[in-house]
Amino acid sequence: MSVIELILIGISLSMDAFAVSICKGLSVGKIKPKHMITAGLWFGGFQALMPLIGYLLGSTFEQYITSIDHWVAFILLGIIGFNMIKESREEESEADASFGFKAMLVLAIATSIDALAVGITFAFLKVEVILAVTLIGVTTFLFSAAGIKIGSVFGDKYKSKAEFFGGAVLMALGAKILIEHLFFGG
């Protein structure tokens, strides 16, 4: 998987955290740099950790499903992408203004579950995992920090568009993996 594809995955996976960060920015009122750094560290850290865990799990079971790994990647990325698109169309709930441990832990886990599944596909696709999790973590850090600022300035105008975009990119990457394997033996 190329660096560009890994960056696109990082951007796609960061869209949930970006959307939540926009809500946080809305709810806080006057933001401070510590709000942006806190959101970036929580969301970026978990977005990097979860694919690493997924990669380790996928590597453990790789020998059992090597013959269908392209289908697993296609289905997982498709489901994640579809869910992100579906969530972009649903009614939004009010965001909690807290940046405390409990509030951020729950949000960081909730926004990074999809990254766990993507990490499983990394094991099947022989992705350079350290590069992948670093790009995903840094990208999510930047998008989350920016989301706090955007939320405080623009409101929730772009939140659903970001989730829709992320979902569409993940679905497209899943389709690309399947097509490459079926038609080009990749």
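Below, the structure is looked at part by part. (Residues numbered from 1 in each chain as written. Predicted model: local features only at pLDDT ≥ 70, side-chain atom pairs only at ≥ 80, totals over all residues. Heavy atoms only, no water.)

1. Things to note about unusual backbone geometry
With a phi close to 55°, Lys-126 is a non-glycine residue in the positive phi region. Taking the relative accessible area as the measure of exposure, Lys-126 reaches 58% and is therefore exposed. (Buried < 20%, exposed > 50% of the residue type's maximum accessible area, 1.4 Å probe, protein only.)

2. Some words on the packing of aromatic side chains
Under the definition given, this model contains four aromatic pairs. When the centroid spacing of 5.7 Å and the interplanar angle of 85° are considered together, the rings of Phe-18 and Phe-143 count as edge-to-face. Here the residue Phe-18 occupies a position in helix α1 (residues 3-28), and Phe-143 occupies one in helix α5 (residues 129-154), the gap between them amounting to 125 residues. Seen from their ring centres, Trp-42 and Phe-46 are 6.0 Å apart, and the 15° between their planes marks the pair as stacked. Remark: Phe-46 and Trp-42 occur in helix α2 (residues 33-65); sequence separation between them is four residues, near one turn of the helix. Neither residue differs from the other here; Trp-42 and Phe-46 are each classed as buried. Put simply, the rings of Trp-42, Phe-46 and Phe-101 pair up and form one aromatic cluster. Above the ring of Phe-99, the side-chain terminus of Lys-24 is found at 5.3 Å from the ring centroid. (Phe/Tyr/Trp six-rings, centres within 6.5 Å; stacked < 30°, edge-to-face > 60°. Helix = DSSP H or I, 4+ residues; strand = E, 2+ residues; numbered from the N terminus. Lys NZ or Arg CZ within 6 Å of the ring centre and 35° of its normal.)

3. Section: a nonpolar patch on the surface
Taken together, the side chains of Ile-68, Trp-71, Ile-75, Ile-79, Ile-179, Leu-182, Phe-183 and Phe-184 make up a nonpolar region of the molecular surface, amounting to roughly 850 Å² of accessible area. Listing elements by their share of the nonpolar patch, those giving two or more residues are α3 (69-88) and α6 (159-184). Among the elements that make up the nonpolar patch, the one with the highest residue count is α6 (four residues). With respect to the helices and strands, the residue Trp-71 is situated in helix α3. Trp-71 sits in the partly exposed class, given a relative accessible area of 38%. (Patch = residues over 30% accessible without salt bridge, like charges linked within 9 Å, V, L, I, M, F, W, Y side chains within 5 Å. Areas by Shrake-Rupley, 256 points an atom, 1.4 Å probe, with all protein chains shown as cover. Salt bridge = Lys/Arg side-chain N within 4 Å of Asp/Glu carboxyl O.)

4. Regarding the packing of α1 against helix α4 (residues 101-125)
Where α1 contacts α4, the axes come no closer than 11 Å and their chain directions differ by 165°. One finds that α1 runs roughly antiparallel with respect to α4. Crossing hand, α1 versus α4: right-handed. Between α1 and α4, the contacting residues are Leu-6, Ile-9, Leu-13, Asp-16, Ala-17, Val-20 and Lys-24 on the first element and Met-104, Leu-107, Thr-111, Asp-114, Ala-115, Val-118 and Phe-122 on the second. (Axes fitted to C-alpha atoms, helices over the stretch in contact; angles between N-to-C directions. Parallel < 35°, antiparallel > 145°, perpendicular 65-115°, else oblique. Left-handed = near helix turned anticlockwise from the far one by under 90°. Contact = heavy atoms within 4.5 Å.)

5. A short note on the nonpolar core
Ranked by size, the top nonpolar core spans 25 residues in total, and within it Ile-9, Leu-13, Val-118 and Phe-122 carry the most contacts. Listed by contribution, the elements that provide at least two residues to this core are α1, α3, α4, α5 and α6. Per-element tally for this core: the top contributor is α1, with seven residues. Discounting chain neighbours no more than four positions away, the residues touching Phe-122 are Met-1, Leu-6, Ile-9, Pro-51, Tyr-55, Val-127, Ala-132 and Ile-136. (Core = buried A, V, L, I, M, F, W, Y, C linked by side-chain atoms within 4.5 Å.)

6. Observations concerning a positive patch on the surface
A surface patch of like charges, here positive, comprises Lys-30, Lys-32, Lys-34 and Lys-149. If you trace the backbone, Lys-30 turns up in the loop between α1 and α2. (Lys, Arg positive; Asp, Glu negative; His and termini not counted. Charge placed at Lys NZ, Arg CZ, Asp CG, Glu CD.)

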